[in-house]
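# A look at the structure
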2 protein chains.
Amino acid sequence: MSQINIKKLAAALGLSTSTVSRAFRNNSDINPLTKERILRMADELGYSPNLYASNLRESKSKTIAIIIPEFDNNFFSQAIKGIEQQARRNGYHTLIYVTEDDVKQEATFIRSLCNGRVEGVVMSASGEGLKHVHLNMLKERGIPLVFFDRCYEDVEATCVTGNDYESSYEATLHLIMNGCKRIAYLVVNKNVSIGKIRMQGYLDALKSAGLPCEDELIIECTNDKEEIYKSIKRSFEKMKPDGAFASVERLAMTTLRYCADVKLEIPSDFKLVCFSCLEIADMLNPPLSTIKQPAFEMGKRAAEILFEALCNKESVTEKQVILLPSTIIPRKSTAVVNNTKAIGL
Amino acid sequence: MSQINIKKLAAALGLSTSTVSRAFRNNSDINPLTKERILRMADELGYSPNLYASNLRESKSKTIAIIIPEFDNNFFSQAIKGIEQQARRNGYHTLIYVTEDDVKQEATFIRSLCNGRVEGVVMSASGEGLKHVHLNMLKERGIPLVFFDRCYEDVEATCVTGNDYESSYEATLHLIMNGCKRIAYLVVNKNVSIGKIRMQGYLDALKSAGLPCEDELIIECTNDKEEIYKSIKRSFEKMKPDGAFASVERLAMTTLRYCADVKLEIPSDFKLVCFSCLEIADMLNPPLSTIKQPAFEMGKRAAEILFEALCNKESVTEKQVILLPSTIIPRKSTAVVNNTKAIGL
DNA sequence: TTGTATGCGTTATCAT
DNA sequence: ATGATAACGCATACAA
C-alpha cells in the first residue's frame, strides 16, 4: 500500500508541493479557496503531513517525557494527570517511562531521549546514586528538566516538591502531643532524598520534645510486601513502639495489617500517621491520619515550569526549589483515647 | 550551538558517513576496531543518531500509544503498568493520552497519531458514540489497535476484557442469596459498553431469581462527585434498596459515604458489592466485597497482542475477544447477619 | 571492509 | 498567490 505523501497529493491537485505544504501551515500566504480545496482533497485521500519529516525539518518534536519510579501509588497517578493535562493544553505529546526504582533504567531512558525524541523532561528521581551524569546529557542537549517530588540535590534543575521537612516534623509532633513516646519511622530507603528529608523532620521533632531517638525505631523496608511485613514485625516485637510515622503509604498499610494480626488496638495502643494521597483514608478502619501532598498540583506546576522554559528558551534556567504545602489531616488513627488500661485503671 | 551530526563525526574521524552509520547499526559489516573508534569518538563529542532522521528514513517510530478515559482509577494505573512494562521489554516507547471521557478528545488523539507517530495503539474506549470513524483511520494506515476493558462493538479490533457479564450475574446473585430483595444497580453510563454488559448480568440475575427489576433502582450517575451523591440519595430515599451492585468503584465509595451519613448499617440493613481493583478493600470500614479484575494482566495481555501484530505484519488480524476472568471476593459488606430487627424480634 | 550517491517527506528561501 | 529547489540527518544500494 503505497503511502500518500505531499507529492502525490500535489500531483492529484495539479499544484506544487509548496502550496500544499502551506495549506497545512497557518501563517503562510495562500488563497483561501486553494487551501480549502487542498484540505478537502487531503481528507479524501487520507493525507496528513508525515510527522518525522516535519520534525526533521523543523527540529522539534512537540513531545515531553515523564519519568517516574513507580506506578502503584496514588500520588503518581495524580501527578501524571496534572502533567498530561498541561501537556495537552500546550499541544504536546507525553511519553511515559517507569523505572521501577532502578537508577540504571532511569539512565537508559534519559539516554534514549537525548536524540531529539523530546523537548523536555518531567521526572521524579529513582534513587540516590551519586553520579547523575546521565542527567547532564540533557543539559548538554539543551533539554530542560524539572523534578517533582523526588529530586537529585546535585543536579541543577528546578524542583517542585512538598514541604516535607515541616510536614514530617509536625506529624511527628502530632504523635507526641497525643501521647506517643516510642515512635517508629518507616521508610523505604533512608538515603533517598525524600526518605532522608522526612527522617530529618522526624528526628528533629523527637529532639525538640526531648525524646531519645533509637536507631532500631527507624525501620528501613524494601519494596517487597513480604519483606515490609517482616521488617515491621521484627522491629515492633523488639522495640514495642506506641506510634509510627510512615514516609510512604504502602508502609502504613502493612502496618495496619500487622496491627490487626497481633491485635494491637489503634489508636489506644498504637497510633499511626503517614504520607498518602488516598482519597478514602477516612473510610479505612481505623480512619487513617494522613499527610496529603497536592499531587495533581505538583505535576501540573512542574509541567507549567517546563513549558515556560520551552517557550522562552533564553530564560534564565536557574535552579529553583518550589515547595507546595501538604496538609496534615488528623483522623482516628492518631486520636487521643481515654486509655484506662494504660493509666492503670 | 551547532548540533553534532553524522557528517561532522565522520569528518572528525576521517571516515565516511556510511561507516559511521554502520557503527550504530548492529547487523552491518564493519571492522570491530573501526566501530569501537567511532563509538568512542561519538561518546566524546556527544553524538547520537538523530531520531527523526532515522525514523523518516526507516519509516518506523518504535512507539505505541495508550489512550484511556481517566486516570483516577486504580484499574487504569495497573493496566498501564502492564502495558508500559511490555513496551519496555520490546524496546518501544509509550505515549499516553487521557480523554477525560470525551470521545471528541479521543478522536483528536487518534488523528494526531496517524501521521506515523506510533506503530500501534492500546486503548480503552471513552464512550459509545455511534460513529467511530476516527478509528478507521488507524486501520487505513495499517496501525494495529487493541482494546482493553472497554471496547467499541462496531470496531474490528481485538479486545482484552473481563468476563463482566458473568461476574455481574454472580455478584448480583450473591446479594440475592445473602438476603437482598431490592437491589440497586449503580452505573456511570448505562449505554457505554461496559455499563451495559454489567447491567445485563444484573438484570438476568434478578430475573432468574424471580425478582422484579424496577427502573428506578438503576441509578445512572455522572462523573461528578456531588452529582453522584445526589443521585444516590434521591433514589435511595424513594426506593429504599437493601443492597447495591456498583459497576464502578467510585460509585461504591460514595454509597458508603451516604450510608454512613444516614446511618444505614452495612451489612445488616444494606449490602454492597462493586467492581474494584483496590488492594485495601479489606481494610475499609466495612470491608468491601469486590469484583476484582486482573488489571495488570489485562494491560499486559493487550500489549502482548499488539506486539505480536507488530512483529508479523502479515498475521491475520481477525477480531478476537479475550476474556480474563475476574474474581469475586466476598467480604463483610455483603455478609449475612442475624438480623433480629428484620426478622421481627 | 569502506566510500559514493541517492532518497525518505517536509519546509523555507527565493524567484515568478 | 504559487512554483522550483535546496536542505534537514540518516541509511541503504551499489561500487570499489
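Criteria and thresholds
- Residues numbered from 1 in each chain as written.
- Chains lettered and ligands numbered in written order.
- Predicted model: local features only at pLDDT ≥ 70, side-chain atom pairs only at ≥ 80, totals over all residues.
- Heavy atoms only, no water.
- Pairing = 2+ DSSP bridges.
- Helix = DSSP H or I, 4+ residues; strand = E, 2+ residues; numbered from the N terminus.
- Axes fitted to C-alpha atoms, helices over the stretch in contact; angles between N-to-C directions.
- Contact = heavy atoms within 4.5 Å.
- Near = heavy atom within 4 Å.
- Polar contact = N/O pair within 3.5 Å; in protein donor to acceptor, adjacent residues only side chain to side chain.
- Nonpolar A, V, L, I, M, F, W, Y, C, P; charged D, E, K, R; others polar.
- Least-squares fit on C-alpha atoms with pLDDT ≥ 70 in both.

Chain A is annotated in an unreviewed UniProt entry as LacI family DNA-binding transcriptional regulator of Olivibacter jilunii.

### So, the sheet that holds strand β6 (residues 183-187) of chain A
Residues and elements named next belong to chain A. Taken in spatial order, the six strands make up an open sheet running β7-β6-β8-β9-β10-β12, and their pairing is mixed. The sheet terminates laterally at β7 (218-220) and β12 (327-329), the two strands that pair on one side only. Neighbouring strand axes in the sheet, compared pairwise and without regard to direction, differ in orientation by 15° on average. Two strands pair when backbone bridges link them, and β6 and β7 are joined in this way by three bridges, in the parallel orientation. Paired with L186 across the bridge in β7 is I219. Against the sheet, helix α8 (residues 164-177) contacts β6, β8 (243-246), β9 (271-275), β10 (289-292) and β12, and its axis sits at roughly 170° relative to β9. Each of β6, β8 and β9 is contacted by helix α11 (residues 249-261), which is oriented at about 155° to β9, the strand it contacts most.

### A closer look at the protein's contact with DNA strand D
In the neighbourhood of DNA strand D, 24 residues make up the surrounding shell, with A:T19, B:I6, B:R25, B:Y47 and B:R57 lying closest. The sugar-phosphate backbone supplies 59% of the atoms of DNA strand D found within 4 Å of the protein. Contact distances for DNA strand D include 2.9 Å between a base nitrogen and a side-chain N or O atom of A:S18. B:S21 is positioned with one of its side-chain polar atoms (N or O) 2.9 Å from a phosphate oxygen of DNA strand D.

### Thoughts on the protein's contact with DNA strand C
By nearness alone, 25 residues border DNA strand C, and A:I6, A:R25, A:R57, B:S18 and B:T19 come closest of all. Backbone sugar and phosphate groups make up 59% of those atoms of DNA strand C lying within 4 Å of the protein. In the environment of DNA strand C, a phosphate oxygen lies 2.5 Å from a nitrogen or oxygen atom belonging to the side chain of B:T19. The separation between a base nitrogen of DNA strand C and a polar side-chain atom of B:R22 is 2.8 Å. Contributing elements (two or more residues each) for the surface near DNA strand C: α2 (17-24) and α4 (51-58) of chain A together with α2 (17-24) and α4 (51-58) of chain B. Sorting elements by how many residues they give to the surface near DNA strand C places α4(A) first, with four residues. For the surface near DNA strand C, the class distribution of residues is seven nonpolar, twelve polar and six charged.

### Things to note about the relation of the copies chain A and chain B
Screw-axis analysis of chain A against chain B gives a translation of 0.0 Å along the axis, an RMSD of 0.1 Å, and a rotation angle of 180°. The superposition of one copy onto the other is thereby described by a two-fold rotation axis.

### Here's the deal with the sheet that holds strand β6 (residues 183-187) of chain B
Residues and elements named next belong to chain B. Strand order in the open sheet made by the six strands is β7-β6-β8-β9-β10-β12, with mixed pairing throughout. The sheet terminates laterally at β7 (218-220) and β12 (327-329), the two strands that pair on one side only. Put simply, the sheet's adjacent strands are angled 15° from each other on average, direction ignored. Relative to strand β10 (residues 289-292), strand β9 (residues 271-275) runs parallel, the two sharing three bridges.

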